[in-house]
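As a plain string of letters, each chain reads:
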Amino acid sequence: QGSRRHSAQAVVRNDHTSWSELPLEAVLNPLFVKKHSSKNDLIRRFRHMLTALHHHDFGELGDDELPQEKWPALGALAFYLVENFWCDKDSTIRLWTAAMCLEILALYAPECPWDNQSLKMVWSEVLHQIATLGSNDKDANLKKLVTRMLGLIAQVEMGALLLEIVNDEKDAADSEEHA
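In this text, all values refer to a predicted model and were calculated from it rather than measured experimentally.

## Some remarks on the overall build of the chain
At step 1: A count of helices and strands for the chain gives 10 helices and zero strands.
At step 2: Helices and strands appear in the chain in the N-to-C order α-α-α-α-α-α-α-α-α-α.
At step 3: Going through the 179 residues of the chain one by one, you find that 39% of them count as buried.
At step 4: Of the contacts formed within the chain by residues at least 6 apart in sequence, a portion of 61% connects residues at least 24 apart.
At step 5: A total accessible area of about 10,300 Å² is found for the chain, and carbon and sulfur atoms account for 50% of it.

Here it is in structure tokens:
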């Protein structure tokens, strides 16, 4: 219990030097993001979260296992990110949010932590952020982030997923029309 209290205090104090000691469940959690004190602190938190996502072996899902059952905090984090940072006025925050959402989507694939409308919004913002950053930014870290995002788009087969959603919606509309 003492280490949990220490971990919680590190999150509250914004002591990013202690973040490496936090359990994964504490880092990949909406509470970790909510405690940010500034834009720079939020970006540091996003970086730490992405590092945790990259370096942790989440293992394979069992045949009857759903992602939200195995990683419940990630689903909550996915919703929190979309609800709180898509409309942020800062494009760098939106870029890091898009990167986090893609990482979470890659873990959930072929399932999705969002409803179809939210997924379309995520996809739209991801494309916008990648197109906006493009080659205009000189920041090498942001270029690495975008390269990672492009790789995740291919890995998750985002285009096929969105096409399936559009087709399902079209079929549903056709069924309603003919009913």
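## Examining helix 4 (residues 39-55)
At step 1: Between the first and last C-alpha of helix 4 there are 24 Å, a value that for 17 residues agrees with the 24 Å anticipated at 1.5 Å per step.
At step 2: Three or more residues of helix 4 are buried, namely Asp41, Leu42, Ile43, Arg45, Phe46, Met49, Leu50, Ala52 and Leu53.

## Things to note about the nonpolar core
At step 1: With 50 residues, the main nonpolar core has Phe46, Met49 and Met149 as its most contacted residues.
At step 2: By residue number, the principal contributor to this core is helix 7 (residues 91-108), which donates 12 residues.
At step 3: Apart from the residues lying within four places of it in its own chain, the contact partners of Phe46 are Val33, Leu81, Phe85, Ile93, Trp96, Thr97 and Met100.

## Let's talk about helix 8 (residues 116-133)
At step 1: Here helix 8 contains 18 residues, and its C-alpha end-to-end distance of 26 Å stays within 8% of the 26 Å for a straight helix at 1.5 Å per residue.
At step 2: When we look at burial in helix 8, the residues that qualify are Ser118, Leu119, Val122, Trp123, Glu125, Val126, Gln129, Ile130 and Leu133. Seen from one end, helix 8 has its buried residues packed into an arc of 170 degrees, which puts them on one side. In helix 8, the exposed residues that point more than 90 degrees away from the buried face are Gln117 and Ala131.
At step 3: Capping the start of helix 8, Asp115 holds a side-chain oxygen 3.2 Å from the backbone nitrogen of Gln117, two or three residues further along.

## Overview of the side chain of Glu125
At step 1: Along the chain, Glu125 falls in helix 8.
At step 2: Only 3.2 Å separates the side chain of Glu125 from the side chain of Arg94, close enough to count as a polar contact.
At step 3: With residues near it in sequence (within four places) discarded, Glu125 still touches Trp86 and Arg94.

## Side note on the pattern of salt bridges
At step 1: Evaluation of the coordinates by the stated rule reveals five salt bridges.
At step 2: With a closest N to O distance of 3.6 Å, Arg44 and Asp41 form a salt bridge. Of this pair, Arg44 and Asp41 both sit in helix 4, three residues apart, which is roughly one turn of that helix.
At step 3: Residue Arg44 is classed as partly exposed on the basis of its relative accessible area, which comes to 32%.
At step 4: For Asp41, a relative accessible area of 1% translates into the label buried.
At step 5: Of the charged contacts in the structure, one is a salt bridge between Asp41 and Arg45, with a shortest N-O distance of 3.1 Å. Residue Asp41 and its partner Arg45 are both found in helix 4; the two are separated by four residues, about one turn of the helix. Per residue, the accessibility class of Asp41 equals that of Arg45, and both read buried.
At step 6: Members of the salt-bridge network, linked through shared partners, are Asp41, Arg44 and Arg45.

Parameters at a glance
- Residues numbered from 1 in each chain as written.
- Predicted model: local features only at pLDDT ≥ 70, side-chain atom pairs only at ≥ 80, totals over all residues.
- Heavy atoms only, no water.
- Helix = DSSP H or I, 4+ residues; strand = E, 2+ residues; numbered from the N terminus.
- Buried < 20%, exposed > 50% of the residue type's maximum accessible area, 1.4 Å probe, protein only.
- Contact = heavy atoms within 4.5 Å.
- Areas by Shrake-Rupley, 256 points an atom, 1.4 Å probe, with all protein chains shown as cover.
- Expected span 1.5 Å × (residues − 1).
- Core = buried A, V, L, I, M, F, W, Y, C linked by side-chain atoms within 4.5 Å.
- Arc of directions from axis to C-beta.
- Polar contact = N/O pair within 3.5 Å; in protein donor to acceptor, adjacent residues only side chain to side chain.
- Salt bridge = Lys/Arg side-chain N within 4 Å of Asp/Glu carboxyl O.

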